Amino acid sequence: MKIDTIDKKPTITFIFGTRPEAIKLASVILVFQKSLEINTKIVITGQHNEMLLQVLDIFNLKFDYNL
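Residues numbered from 1 in each chain as written. Predicted model: local features only at pLDDT ≥ 70, side-chain atom pairs only at ≥ 80, totals over all residues. Heavy atoms only, no water.

Enquirer: Outline the overall build of the protein chain, supporting the account with residue identities and numerical values.
Expert: Each helix and strand counted, the protein chain has two helices and three strands in total. Listing every helix and strand of the protein chain by position from the N terminus yields β-α-β-α-β. Looking at the protein chain as a whole, 22% of its 67 residues qualify as buried. Sequence separation of 24 or more characterises 60% of the internal contacts of the protein chain that already satisfy a separation of 6 or more. For the protein chain, the exposed surface amounts to about 5,300 Å²; the carbon and sulfur share of it is 56%. (Helix = DSSP H or I, 4+ residues; strand = E, 2+ residues; numbered from the N terminus. Buried < 20%, exposed > 50% of the residue type's maximum accessible area, 1.4 Å probe, protein only. Contact = heavy atoms within 4.5 Å. Areas by Shrake-Rupley, 256 points an atom, 1.4 Å probe, with all protein chains shown as cover.)

Here it is in structure tokens:
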């Protein structure tokens, strides 16, 4: 009996909550999102929601979870 293995891509999760963190991580996140070999997740902590969401909009990034 053969058991099939599921080939799962690794997931990298970025967690941040302030505008400076988002600005610094945006270009790194965009590179990882282009990769076909890696899943990415974005988690925001909601420290500075309004300013943070403005930065995400500028870089066209969508968060997966908001703590």
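Enquirer: Lay out the side chain of T40 in plain terms, naming residues and giving numbers.
Expert: Relative to the helices and strands, T40 is located in strand β2 (residues 39–44). Apart from residues lying up to four places away in sequence, T40 is in contact with I12, F14, F32, Q33 and D64.

Enquirer: Describe the sheet that holds strand β1 (residues 11–16), listing the residues and the values that go with them.
Expert: Strand order in the open sheet formed by three strands is β1-β2-β3, and the pairing between neighbours is parallel. Two strands lie at the open edges of the sheet, namely β1 and β3 (65–66), each paired on one side alone. With two bridges connecting them, β2 and β3 associate as parallel partners. Across the sheet, the residue bridging to V43 is Y65, located in β3. (Pairing = 2+ DSSP bridges.)

Enquirer: Can you tell me about the packing of helix α1 (residues 19–34) against helix α2 (residues 49–58), naming the residues and giving the values?
Expert: Between α1 and α2, whose axes approach to 8 Å, the crossing angle comes to 15°. When the interaxial angle is binned, α1 and α2 end up roughly parallel. Judged by the sense of rotation from one axis to the other, the crossing of α1 with α2 is right-handed. Residue-level contacts link R19, A22 and I23 of α1 to M51, L52 and V55 of α2. Each residue belonging to the contact of α1 with α2 can be placed in one class, and the counts come to five nonpolar, no polar and one charged. (Axes fitted to C-alpha atoms, helices over the stretch in contact; angles between N-to-C directions. Parallel < 35°, antiparallel > 145°, perpendicular 65-115°, else oblique. Left-handed = near helix turned anticlockwise from the far one by under 90°. Nonpolar A, V, L, I, M, F, W, Y, C, P; charged D, E, K, R; others polar.)

These values are about where atoms sit, not about what they do.
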